[in-house]
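# What the coordinates show
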Amino acid sequence: MSFKEIVYKSVTVYFILVTCITAGIAVIGSLLDPDMRFGYDAFFSPFLFAALGIIPNLLMYSKNELTNKQIILRKIIQLLVIEAEVVTVAVLSPMIPTERHEIIIGLAVCVFVIFLLVNFITILSSYFSAKQLTKELERFRRNVG
C-alpha cells in the first residue's frame with residue numbers, strides 16, 4: 001500500500017471514527033454517568049480521539065506487500081497503541097472521571113468495539129469496491145472481445 005493510499009484510507013477512517021466515537025461516548029455516558037452534562041466544548045472530543053485513532057494507521061504503511069501474519073501483528077500493535085492513547089488522554093482530562101475503574105474499563109471496551117467496527121466497515125467497503133471493479137472489468141472484456 002502506498003503512502004498516498006494510507007493517507008486516503010486514514011481520512012476515510014477518520015470520519016468513520018468520529019461517528020463511532022460519538023455513538024460510543026453517548027452509550028458509555030448513558031450507562032455509566034447518565035446525570036453528567038457537558039458544555040459545547042465536549043463536542044470537540046470525538047474529533048480529537050479520531051485524530052489520535054488514525055495516527056497508528058501509519059503502522060500499516062509498507063513499501064512491500066504485507067503477509068497476513070504481518071497484517072495481524074500490525075493490527076494488534078495498532079489496537080494497543082490506540083488503547084494507550086485513549087486511556088492516557090482520558091486520565092489527563094479533567095472532564096473524564098477516571099478515578100472510577102468502570103470508566104477506564106468502559107473506555108477500553110468501547111475502543112476495542114470501535115476498532116472492530118471500523119475494520120469491518122473498511123473491509124466491507126473494499127469488498128464492494130473490488131466486486132464493482134470486477135464487474136466493470138468483465139463488462140469491458142466482453143465489449144472488447
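Residues numbered from 1 in each chain as written. Predicted model: local features only at pLDDT ≥ 70, side-chain atom pairs only at ≥ 80, totals over all residues. Heavy atoms only, no water.

### Notes on the confidence of the model for the protein chain
Here the protein chain averages 89 in pLDDT, while 99% of its residues score no lower than 70. Helix α1 (residues 3–32) is the least confidently modelled element of the protein chain, averaging 88 in pLDDT, while helix α4 (residues 101–144) averages 93, the highest of any element. (pLDDT = per-residue confidence, 0-100. Helix = DSSP H or I, 4+ residues; strand = E, 2+ residues; numbered from the N terminus.)

### Focus: the pattern of salt bridges
Under the definition given, this model contains two salt bridges. A salt bridge links R100 to D33, with the nearest nitrogen and oxygen atoms 3.6 Å apart. Of this pair, R100 sits in the loop between α3 (68–92) and α4 while D33 sits in the loop between α1 and α2 (45–54), and the two are 67 residues apart along the sequence. For E102, the salt bridge is made with R100, and the minimal N-O distance between the two is 2.9 Å. Among the residues examined, E102 registers a relative accessible area of 37% and is labelled partly exposed. The partly exposed category is assigned to R100, whose relative accessible area is 26%. Through salt bridges with shared partners, one network takes in D33, R100 and E102. (Salt bridge = Lys/Arg side-chain N within 4 Å of Asp/Glu carboxyl O. Buried < 20%, exposed > 50% of the residue type's maximum accessible area, 1.4 Å probe, protein only.)

### A look at the packing of aromatic side chains
In this structure the tally under the stated criterion is three aromatic pairs. Plain terms: the ring middles of Y14 and F15 are 5.2 Å apart, the flat faces sit at 85° to each other, and that makes the pair edge-to-face. On the basis of relative accessible area, F15 is assigned to the exposed category, the value being 52%. (Phe/Tyr/Trp six-rings, centres within 6.5 Å; stacked < 30°, edge-to-face > 60°.)

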